[in-house]
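Topology and contacts: notes
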Amino acid sequence: MACVLETPLRMSVLSEVTASSRHYVDRLFDPDPQKVLQGVIDMKNAVIGNNKQKANLIVLGAVPRHGSSWNTSRTPSSTLKGLSYHPMLLYLLQQETSSTELRTECAVVLGSLAMGTENNVKSLLDCHIIPALLQGLLSPELKFIEACLRCLRTIFTSPVTPEELLYTGPDHQTILFNHGAVQNIAHLLSSTSYKVRMQALKCFSVLAFENPQVSMTLVNVLVDGELLPQIFVKMLQRDKPIEMQLTSAKCLTYMCRAGAIQTDDNCIVLKTLPSLVRMCSKERLLEERVEGAETLAYLIETDVELQRIASITDHLIAMLSDYFKYPSSVSAITDIKRLDHDLKHAHELRQAAFKLYASLGANDEDIRKKIIETENMMDRIVNGLSESSIKVRLSAVRCLHSLSRSVQQLRTSFQDHAVWKPLMKVLQNAPDEVLVVASSTLCNLLLEFSPSKEPILESGAIELLCSLTQSENLALRVNGIWALMNMAFQAEQKIKADILQGLSTEQLFQLLSDSDVNVLMKTLGLLRNLLSTRPHIDQIMSSHGKQIMQAVTLILEGEHNIEVKEQTLCILANIADGTTAKELIMTNDDILQKIKYYMSHSNAKLQLAAMFCISNLIWNEEEGKRDSYFYVLSWTESIVKTKSFQGREWQMLGSSTMILRSRCKCSK
């Protein structure tokens, strides 16, 4: 990659370059090593706290500029004199012939340059400084290693530095774990230095996050005869610094979510959870309240009992409402700079509150009711859906999704506030991570008992949902077809026709051949809902019957699980319930043989589903068709006679045969 400054150099900039700045760079080319070292030291003293001097040195060639991507590793020093624009500091840092002191001072200067503007960092990155510094970590010299690490830390804390420059794969935790990180870091928790203990604690929180292997190891690690979880619990005590309490709570939370600590363990229920709730109080700083709420949301996200405990701890639900009122008119903040900072970051409080509300209301109806009844809650969610911050929008949608699981709220609060309107706007133009949650919420709003279903249909949702089924994102495909399935349930003929037209036959059968079982099951569910009520069944099968029967045949012949085949047999049963549509089964010997096969299948669910098909096939009032339906009935009786009714399922099957015979007798 070429080494280029972000903005073109102007003559006015070059005119500001002083003679002393040029002198620093020129000394890097002196043949006397001691003079070179002194030049680097003087350069270090000159750039400390002086951004203009840092920019001057970059312009003059202390690091590359103007398209230079030169490899200095094999260039003789005799050629460097005339090439002042080359990365001399990096060159000297990488030379094994350079003294340790010189290499260390070069790393220090580079770190100082990185503390300047973002343009400085970009210039350093363009010169491939990262590999050079990482290579320096292999040195046996501790001071040089420390200087390289400090420079790396400065570069990686800059917002312009991509993380992938350091991490190139998903197994960073495993790599560190396999190289003994746990054992080497554990003893640092007993250090007399607070900073050392904190860094060790932060390392453990990162290692344990969503990593069962590391977490299972951590629970058994001993430090001075004490288990690591016990040490973390001690660090939760109120007399410890807030930073330590929060990070310890993170460690225990991540270990719990990874399955290394049970959710009903006292260290979680009596220590970690209350500590995190305490961090949500308005007495804490903004960053602490955000981190506390987010960590607590993650801890309780999947556990109903923890959700219930958290909801009644220190009036948490009411406490979170203060997150939307920040800063209050009686704010205790007297530091103007702090107040300005918090005003700029107040949106982080809102997104953290939405996230925690989403976790609290994930399962329990009473908790959802309390959340909804919180002051102006629905208005806050609606406003959150249109905020400029993507994090707030995502958290607001998550909160809405959690609350949309309530039948009562769908019928009342959701209707009163017309939340479907801002939700549809979110779905029009949003990144995939927001679309996934928003489309999941829409699935709930399209359930048959939701008053929002009709206005959503009128707003053009079918076209939107059909487009989602073509997404490369699996979750969006599932949600798109799921929402269409809910939409088709007990729908009018026109809506079903619009769905089939919007989806197209080609797309429908592409979904039926999708490799993901969730997509396949939801598509079968959609087809089953479309093929309901006799007039609709006959209408759809008259136009799509051939393709549907082909798809059914392929699925019944394929290597699919019991649930998929059961759903497919239920579709056949619906087709058999049609007046004219059932002829597509009765005239298809291949399908009839498959029904017969599944009637004698070892799985009771498939037996009963096949029997359901037979039941609907036999129920026909046309006199001329009676013989063919008696022929179908004879299958049933012959199969039942070959079985001994030892189980409840076969007893049900025998009873079903009796019902079939009575149906045949009643037919005209």
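Residues numbered from 1 in each chain as written. Predicted model: local features only at pLDDT ≥ 70, side-chain atom pairs only at ≥ 80, totals over all residues. Heavy atoms only, no water.

With that settled, consider the overall build of the protein. For the protein, the count of helices and strands is 41 helices and two strands. Split into buried and exposed, the 668 residues of the protein put 52% on the buried side. Of the contacts made within the protein by residues no fewer than 6 positions apart, 66% connect residues no fewer than 24 positions apart. (Helix = DSSP H or I, 4+ residues; strand = E, 2+ residues; numbered from the N terminus. Buried < 20%, exposed > 50% of the residue type's maximum accessible area, 1.4 Å probe, protein only. Contact = heavy atoms within 4.5 Å.)

Moving on, we come to the packing of aromatic side chains. All chains considered together, the criterion is met by six aromatic pairs. Between Phe204 and Phe232, the aromatic rings sit 6.2 Å apart at their centres with planes inclined by 65°, giving edge-to-face as the arrangement. Of this pair, Phe204 sits in helix α12 (residues 194–208) while Phe232 sits in helix α14 (residues 228–234); the two residues are 28 residues apart in sequence, bridging distant segments of the chain. Note on Phe232: relative accessible area 0%, which makes it buried. With a centroid separation of 4.9 Å and an interplanar angle of 70°, the aromatic rings of Phe209 and Tyr254 are classed as edge-to-face. Note that Phe209 is positioned in the loop between α12 and α13 (212–218) and Tyr254 in helix α15 (residues 242–257), a separation of 45 residues in sequence. The buried category is assigned to Tyr254, whose relative accessible area is 13%. (Phe/Tyr/Trp six-rings, centres within 6.5 Å; stacked < 30°, edge-to-face > 60°.)

What follows concerns helix α16 (residues 266–278). For α16, spanning 13 residues, the distance from its first C-alpha to its last is 17 Å, which sits close to the expected 18 Å at 1.5 Å a residue. Where α16 bends most, at Thr272, the angle is about 30°, and the proline Pro274 comes one to four residues later. Within α16 the residues assigned to the buried category are Cys267, Ile268, Val269, Thr272, Leu273, Ser275, Leu276, Val277 and Arg278. For α16, the N-terminal capping position is held by Asp265, with its side-chain oxygen 2.9 Å away from the main-chain nitrogen of Cys267. (Expected span 1.5 Å × (residues − 1). Bend = angle between axes of the 7 residues up to and from the residue. Polar contact = N/O pair within 3.5 Å; in protein donor to acceptor, adjacent residues only side chain to side chain.)

Attention shifts here to the nonpolar core. In this structure, Phe204, Leu360 and Leu572 are the most contacted members of the largest nonpolar core, which totals 164 residues. Filtering out sequence-adjacent residues up to four positions away, Leu360 remains in contact with Ile300, Gln307, Ala310, Ser311, Leu316, Ile317, Leu320, Ile367 and Ile371. Residues Leu90, Leu93, Ala114 and Ile155 belong to the second largest nonpolar core, which totals 37 residues. (Core = buried A, V, L, I, M, F, W, Y, C linked by side-chain atoms within 4.5 Å.)

So, on to helix α21 (residues 346–360). Across its 15 residues, α21 extends 22 Å between first and last C-alpha, which sits within 8% of the 21 Å expected from 1.5 Å per residue. Among all positions of α21, only Ala346, Leu349, Gln351, Ala352, Ala353, Phe354, Leu356, Tyr357, Ala358, Ser359 and Leu360 are buried.

Two packed helices can be described by the angle between their axes and the distance between those axes. Relative orientation of the contacting elements helix α38 (residues 589–599) and helix α39 (residues 604–618) amounts to 135°, with a least axis distance of 7 Å. Between α38 and α39, the angle is such that the two are oblique. Where α38 crosses over α39, the two elements pack in a sense that is left-handed. Contact with α38, carried on its side by Leu592, Ile595, Tyr598 and Met599, involves Leu606, Gln607, Ala610, Met611, Cys613, Ile614 and Leu617 of α39 and no other residues of that element. Among the residues making up the contact of α38 with α39, the classes are represented as 10 nonpolar, one polar and no charged. (Axes fitted to C-alpha atoms, helices over the stretch in contact; angles between N-to-C directions. Parallel < 35°, antiparallel > 145°, perpendicular 65-115°, else oblique. Left-handed = near helix turned anticlockwise from the far one by under 90°. Nonpolar A, V, L, I, M, F, W, Y, C, P; charged D, E, K, R; others polar.)

Attention now moves to the environment of Asp432. Inspection of the secondary structure assignment puts Asp432 in helix α28 (residues 432–445). Relative accessible area serves as the criterion here: at 38%, Asp432 is assigned to the partly exposed category. Placed 43 residues apart in sequence, Asp432 and Ala475 show a C-alpha to C-alpha distance of 9.2 Å. Each residue touching Asp432, except ones within four places of it in the same chain, is listed here: Asn473 and Leu476.

The next subject is the pattern of salt bridges. For the structure shown, the criterion picks out 20 salt bridges. Residue Lys202 is joined to Glu243 by a salt bridge in which the shortest nitrogen-to-oxygen separation is 3.2 Å. Of this pair, Lys202 sits in helix α12 while Glu243 sits in helix α15, and the two are 41 residues apart along the sequence. On the accessibility criterion, Glu243 (36% relative accessible area) is partly exposed. If you follow the salt bridges from partner to partner, you end up with Glu305, Arg308 and Asp364 in one network. (Salt bridge = Lys/Arg side-chain N within 4 Å of Asp/Glu carboxyl O.)

Residues other than glycine predominantly adopt negative phi, and peptide bonds predominantly adopt the trans conformation. Positive phi, close to 50°, is recorded for Glu210, a residue that is not glycine. Its place among the elements puts Glu210 in the loop between α12 and α13. Even without being a glycine, His315 presents a positive backbone phi close to 50°. Tracing the chain through its elements places His315 in the loop between α18 (304–311) and α19 (316–321).

Let us look at the environment of Ile155. Considering the arrangement of structural elements, one finds Ile155 in helix α9 (residues 142–156). For the pair Ile155 and Asn120, spaced 35 residues apart in the sequence, the C-alpha separation amounts to 9.9 Å. Apart from residues no more than four positions distant in its own chain, Ile155 is found in contact with Ala114, Val121, Leu125, Ile129, Ile130, Leu133 and Thr161.

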